[in-house]
Amino acid sequence: GGDLVTDKEKEVQSEEAPVEGNQKVLNDVESLREALSEEKEKAEKYLANWQRAQADFINFKKRTEQERAENFRLANALLMSSLLPVLDDLELALTNVSTKLAGFTWVEGIVLIHRKLQAILEGQGLERIETEGKDFDPNFHQAVLYEDGEEGKIIEELQKGYMLHGRLLRPALVKVGKGKEQE
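Residues numbered from 1 in each chain as written. Predicted model: local features only at pLDDT ≥ 70, side-chain atom pairs only at ≥ 80, totals over all residues. Heavy atoms only, no water.

1. Regarding the layout of surface pockets
Estimated volume of the largest pocket: approximately 160 Å³. If you trace the largest pocket, you find it lined by Glu70, Arg73, Leu74, Ala77, Leu164, His165, Arg167, Leu168 and Leu169. For the lining of the largest pocket, the elements supplying multiple residues, two or more each, are α1 (7–95) and β5 (167–170). If one sorts the elements of the lining of the largest pocket by residue count, α1 sits on top with 4 residues. When its residues are assigned to classes, the lining of the largest pocket shows 5 nonpolar, 1 polar and 3 charged. (1 Å grid on protein atoms, 1.4 Å probe; cavity = no way out; pocket = protein on both sides within 12 Å on 5 of 7 lines; lining within 4 Å. Points joined across faces, edges and corners; volume = space filled by probe spheres on them. Helix = DSSP H or I, 4+ residues; strand = E, 2+ residues; numbered from the N terminus. Nonpolar A, V, L, I, M, F, W, Y, C, P; charged D, E, K, R; others polar.)

2. A short note on the side chain of His114
By secondary structure assignment, the location of His114 is in helix α2 (residues 105–123). Residue classification places His114 among the buried positions, given a relative accessible area of 10%. Residues contacting His114, with those up to four places away along its chain left out, are Leu87, Leu90, Glu91 and Leu94. (Buried < 20%, exposed > 50% of the residue type's maximum accessible area, 1.4 Å probe, protein only. Contact = heavy atoms within 4.5 Å.)

3. Side note on the pattern of salt bridges
The tally for this structure, following the rule as stated, stands at 10 salt bridges. Note that Glu70 and Arg73 form a salt bridge whose closest N and O atoms lie 3.0 Å from each other. One end of the pair, Glu70, and the other, Arg73, are both in helix α1, 3 residues apart, so they sit about a helical turn from each other. Take Glu70: its relative accessible area is 34%, and that puts it in the partly exposed class. On the basis of relative accessible area, Arg73 is assigned to the partly exposed category, the value being 37%. Across the salt bridge formed by Asp135 and Lys153, the nearest N and O atoms sit 2.8 Å from each other. Here Lys153 lies in the loop between β2 (141–147) and β3 (154–159) and Asp135 lies in the loop between β1 (126–128) and β2, a separation of 18 residues in the sequence. (Salt bridge = Lys/Arg side-chain N within 4 Å of Asp/Glu carboxyl O.)

Structure representation (structure tokens):
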């Protein structure tokens, strides 16, 4: 008896085996899909991190270049500032040359040296601040004296002022009109 398997039982067993096999394949496919999905998420995360790191590096390079350029401008400004008194002294000496000395070649040589120094500084971005007949502007001028004259107008320049690449290097020292005194 008990070893004999009926045809009906054989049918049930043969139907159950493929169902169990199919279920196992479906479970394997589902686990592979989940693994693939997880790996895609990781890959997207890594890509986003890489893109962020790349953007940070590009920003770092730009910032470093800006700092280098700013340091160069600052060093240039310091050098220019230290040369301005020399330029002032040369101009003062040349305006006080007596008529007896004006014809000497060494005086003409100093005039040429002054022009050369001025041309070199201007070539590096130095610009003179205009004052003649201008309105007083505290952004570019420093009032050191007030006298009778047209109010707010510059009467006289006492020391030249300069800009370097559009930025104030040294304000012009000026005498400013304060209006007419009332009698």
